[in-house]
Amino acid sequence: MKKRTFITICTISGSHSYLLPHVYESLLSQTRFHFEWMIMDMDARERTQVLVQEWQKENGRFPIRYVPCEENGRTEVLQKAIDLARGNYFCLLDPEEILSSEAAACFLEWIEGISREEGLIGVSGTKCYLDGSPLTEGPLRIGIRGYVDATYLERAKYGLEAPQFEVIQTKILREFPLQQCQGEKDTPFRLTLDETAKRGYKMRWYAESVCRGEYLYGERSSCERRKERHNPMGYAMLYNNRLRCREQSFAVRFDAACHHIALSLRAHHPEYILKSYDRKMSLLALFPGILLAFGGYYPFG
């Protein structure tokens with residue numbers, strides 16, 4: 001008997017817990033409710049718990065689970081969420097984001113479409129800013145079907161470099177435990193998704209927008225710089241993975257090589273530079289990468 005699709009929508013709440021009511025309203029607006037909402041509270045504030053208890057009493061459309069967290073950093077909290085998930089599919093919805101009213105219905109329909117396909121582990125829609133403008137700077141190269149099947153590392157060739165909203169099989173995420181570098185608390189989740197790509201697993205990427213939010217998207221936004229500064233080894237590995245994507249432009253791959261070098265040095269692991277997936281590009285980027293590591297000066301951007 002075919003297992004019914006049930007999705008765990010996970011929100012990791014911390015300093016932005018005041019935005020949770022907006023997330024809740026967007027979930028109430030859904031047209032299908034085959035999901036649970038799991039709130040992982042990193043601050044474990046009493047007022048957040050009281051608010052969630054009120055929602056649990058008044059809401060009969062979908063289960064709400066509140067999990068106070070004492071884990072050391074976002075990576076550990078996310079791993080705990082994956083372990084606790086009751087859904088056979090899993091997705092992350094940040095406090096700064098809201099779902100479109102048809103998002104859950106889209107996920108369920110798309111998952112049904114891949115249920116008999118070998119090697120497809122999830123589905124994805126696009127994200128956009130609150131004003132409706134897309135995060136992607138250029139057009140998506142998806143074709144007339146409205147979707148494309150590709151690994152996480154193949155996204156660039158289809159114009160999908162910007163963050164997308166992925167809904168992934170929970171059992172697959174459990175097969176690939178989150179990587180956590182020593183001394184780092186927020187190793188990029190994308191590293192795990194890159195590992196699925198290396199094993200040949202694909203996602204079905206749709207052009208339809210399912211999520212809006214207040215994003216600070218950009219390679220060197222202040223938010224991204226802060227994450228890189230506190231988690232240099234994790235991001236060095238992420239930039240190295242980007243060097244696998246030969247379809248990207250020279251400028252994008254050169255930028256990735258510079259950051260791979262700089263962050264490897266900042267993490268005190270210069271030997272990782274030799275593990276570059278594109279040694280010719282890394283050789284070209286060696287000098288600017290060193291400048292970026294020790295002076296914060298990036299001569300080409």
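Up top is the structure.
Residues numbered from 1 in each chain as written. Predicted model: local features only at pLDDT ≥ 70, side-chain atom pairs only at ≥ 80, totals over all residues. Heavy atoms only, no water.

K.L.:
I'd love a proper account of the packing of helix 1 (residues 20-28) against helix 2 (residues 46-58), names of residues and values included.
P.N.:
It is at 12 Å that the axes of helix 1 and helix 2 come closest, and there the two elements cross at 15 degrees. With respect to helix 2, the axis of helix 1 lies roughly parallel. In terms of crossing hand, the pair formed by helix 1 and helix 2 is right-handed. Contacts between helix 1 and helix 2 pair L20, P21 and Y24 from the former with T48, L51, W55 and E58 from the latter. Looking at the contact of helix 1 with helix 2, its residues break down into five nonpolar, one polar and one charged. (Axes fitted to C-alpha atoms, helices over the stretch in contact; angles between N-to-C directions. Helix = DSSP H or I, 4+ residues; strand = E, 2+ residues; numbered from the N terminus. Parallel < 35°, antiparallel > 145°, perpendicular 65-115°, else oblique. Left-handed = near helix turned anticlockwise from the far one by under 90°. Contact = heavy atoms within 4.5 Å. Nonpolar A, V, L, I, M, F, W, Y, C, P; charged D, E, K, R; others polar.)

K.L.:
An account of helix 4 (residues 103-114) is requested, with residue identities and associated values reported.
P.N.:
Taking 1.5 Å as the rise per residue, helix 4 with 12 residues should run 16 Å; its terminal C-alpha atoms sit 17 Å apart, in good agreement. Here helix 4 has its buried residues at A103, A104, A105, C106, F107, L108, W110, I111 and I114. (Expected span 1.5 Å × (residues − 1). Buried < 20%, exposed > 50% of the residue type's maximum accessible area, 1.4 Å probe, protein only.)

K.L.:
Go over the side chain of S13, please, and point to the residues and values.
P.N.:
Along the chain, S13 falls in strand 1 (residues 7-13). Once you skip the residues sitting within four places of it in the chain, S13 turns out to touch L20, I39, M40, D41, M42, D43 and P95.

K.L.:
Tell me about the packing of helix 6 (residues 190-198) against helix 8 (residues 232-242), and name the residues and values.
P.N.:
Helix 8 packs onto helix 6 with a crossing angle of 35 degrees between their chain directions and a minimal axis gap of 10 Å. The crossing of helix 6 and helix 8 is left-handed. Counting all contacts with helix 6, which are made through R190, L191, D194 and K198, the residues of helix 8 involved are G234, M237, L238, N241 and R242. Tallied by class, the residues present in the contact of helix 6 with helix 8 amount to three nonpolar, two polar and four charged.

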